[in-house]
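Observations on the model geometry
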Amino acid sequence: VMASPSQKKKEENSLKAVRELISLPHNKQCIECGQKGPTYVNMTTCSFICTRCSGLLRGVNPPHRVKSVSMTTFNEAEIDKLKKGGNEMAKMVWMGTWDPRKDREVDSKDEQRMKDFLRDKYERKKWYRDPGDIKKDSSSKSPETVSTSPLPLPPSKNNNLTSSSTSLNKNPPQPVIPVLSKPNPSTQQKEQKSLLDVDDPFVSK
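Read on for a plain summary of the structure. (Residues numbered from 1 in each chain as written. Predicted model: local features only at pLDDT ≥ 70, side-chain atom pairs only at ≥ 80, totals over all residues. Heavy atoms only, no water.)

This part is about the overall build of the protein. The helix and strand inventory of the protein stands at nine helices and three strands. Looking at the protein as a whole, 25% of its 205 residues qualify as buried. As displayed, the protein has an accessible area near 14900 Å², and 55% of this comes from carbon and sulfur atoms. (Helix = DSSP H or I, 4+ residues; strand = E, 2+ residues; numbered from the N terminus. Buried < 20%, exposed > 50% of the residue type's maximum accessible area, 1.4 Å probe, protein only. Areas by Shrake-Rupley, 256 points an atom, 1.4 Å probe, with all protein chains shown as cover.)

Laid out in structure tokens, this is it:
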């Protein structure tokens, strides 16, 4: 049965959408081994993978649902899932507690070690983190980063400092001179009067 023109258009649009997602920086490499140019989609984790890793993931229990980008079609629901997911989100979920100081990186060329790594990752959920916790963290951090953004603050502070410093540099010599010059005569007169007042008794005596 030949596909209708409308169905063909949908398939073309879906393929275009998937390829656009693969072209994003964090989706350009296989999430499992780092090989450039993923050719498969892992619908179980909504991530992008290479041909070799797609075969390994079929051996995970339960097997992951993988789809070829060029050989299969994607419906709207699958496209939406991939837009919400992607390699970056999958890493935060399935490698959320990964600690490079404790956990060793796996040699992707060693097939047996890759199989063991994928079993630890997906069957045993060794580094799994609940997506709900990730969303809570991101929502709690976002207002802080906006409200405490240091970028707009330094310029205004610096401008105030420079303006105040320049005003301070200009103002001191003008007010200081008259202020110092005015009290001098009065203080001298007071000192003279006090001296006369002290001398008078001695003269009378």
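Alright, that's what it looks like, and here's the rest.
What follows deals with the sheet that holds strand 1 (residues 40–42). Judged by pairing direction, the sheet is antiparallel, and its three strands sit side by side in the order 2-1-3 without closing on themselves. Each of the sheet's edge strands pairs with one partner strand only, and the pair in question is strand 2 (47–49) and strand 3 (66–68). Recorded for the sheet is a direction-independent mean angle of 30 degrees between the axes of neighbouring strands. The pairing of strand 1 with strand 3 spans three bridges and is antiparallel. Bridge assignment links Val41 to a residue of strand 3, and that residue is Lys67. (Pairing = 2+ DSSP bridges. Axes fitted to C-alpha atoms, helices over the stretch in contact; angles between N-to-C directions.)

Within the structure shown, the criterion is met by four aromatic pairs. Here the aromatic residues Trp94, Tyr122 and Tyr128 are joined through ring pairs into a cluster of three or more. Over the face of the ring belonging to Phe74 we find Lys67, whose NZ or CZ atom lies 4.5 Å from the ring centre. Note that Lys125 overlies the ring of Tyr128, its terminal NZ or CZ placed 5.0 Å from the centroid. (Phe/Tyr/Trp six-rings, centres within 6.5 Å; stacked < 30°, edge-to-face > 60°. Lys NZ or Arg CZ within 6 Å of the ring centre and 35° of its normal.)

Let's shift gears to the layout of surface pockets. The calculated volume of the largest pocket comes to roughly 370 Å³. Together, 19 residues line the largest pocket, and Ile31, Glu32, Lys91, Met95 and Phe117 are the ones closest to its centre. Looking at the lining of the largest pocket, the elements that each hand over two or more residues are helix 4 (87–94) and helix 5 (111–123). At three residues, helix 5 tops the list of elements feeding residues into the lining of the largest pocket. By residue class, the composition of the lining of the largest pocket is nine nonpolar, four polar and six charged. Computed from the structure, the second largest pocket encloses a volume of approximately 260 Å³. Along its surface, the second largest pocket is lined by 13 residues, and Thr45, Cys46, Gly85, Met89 and Val93 are the ones closest to its centre. Looking at which element gives the most residues to the lining of the second largest pocket, the answer is helix 4, with four residues. Split into classes, the residues belonging to the lining of the second largest pocket amount to seven nonpolar, three polar and three charged. (1 Å grid on protein atoms, 1.4 Å probe; cavity = no way out; pocket = protein on both sides within 12 Å on 5 of 7 lines; lining within 4 Å. Points joined across faces, edges and corners; volume = space filled by probe spheres on them. Nonpolar A, V, L, I, M, F, W, Y, C, P; charged D, E, K, R; others polar.)

For the rest of this paragraph, the subject is helix 2 (residues 51–58). The set of residues buried in helix 2 consists of Cys53, Ser54, Leu56 and Leu57. One face of helix 2 carries all of its buried residues, which in axial projection span an arc of 160 degrees. On its buried side, helix 2 packs onto strand 1, strand 2, strand 3 and helix 5. (Arc of directions from axis to C-beta. Contact = heavy atoms within 4.5 Å.)

By size, the foremost hydrophobic cluster in this structure holds 20 residues, and its most contacted members are Ile49, Cys53, Leu57, Phe117, Leu118 and Tyr122. Breaking this core down by element, the ones donating at least two residues are helix 2, helix 4 and helix 5. Once you skip the residues sitting within four places of it in the chain, Cys53 turns out to touch Cys30, Glu32, Cys33 and Met114. Formed by twelve residues, the second largest nonpolar core is a distinct cluster that contains Met43, Phe48, Val69 and Ile79. (Core = buried A, V, L, I, M, F, W, Y, C linked by side-chain atoms within 4.5 Å.)

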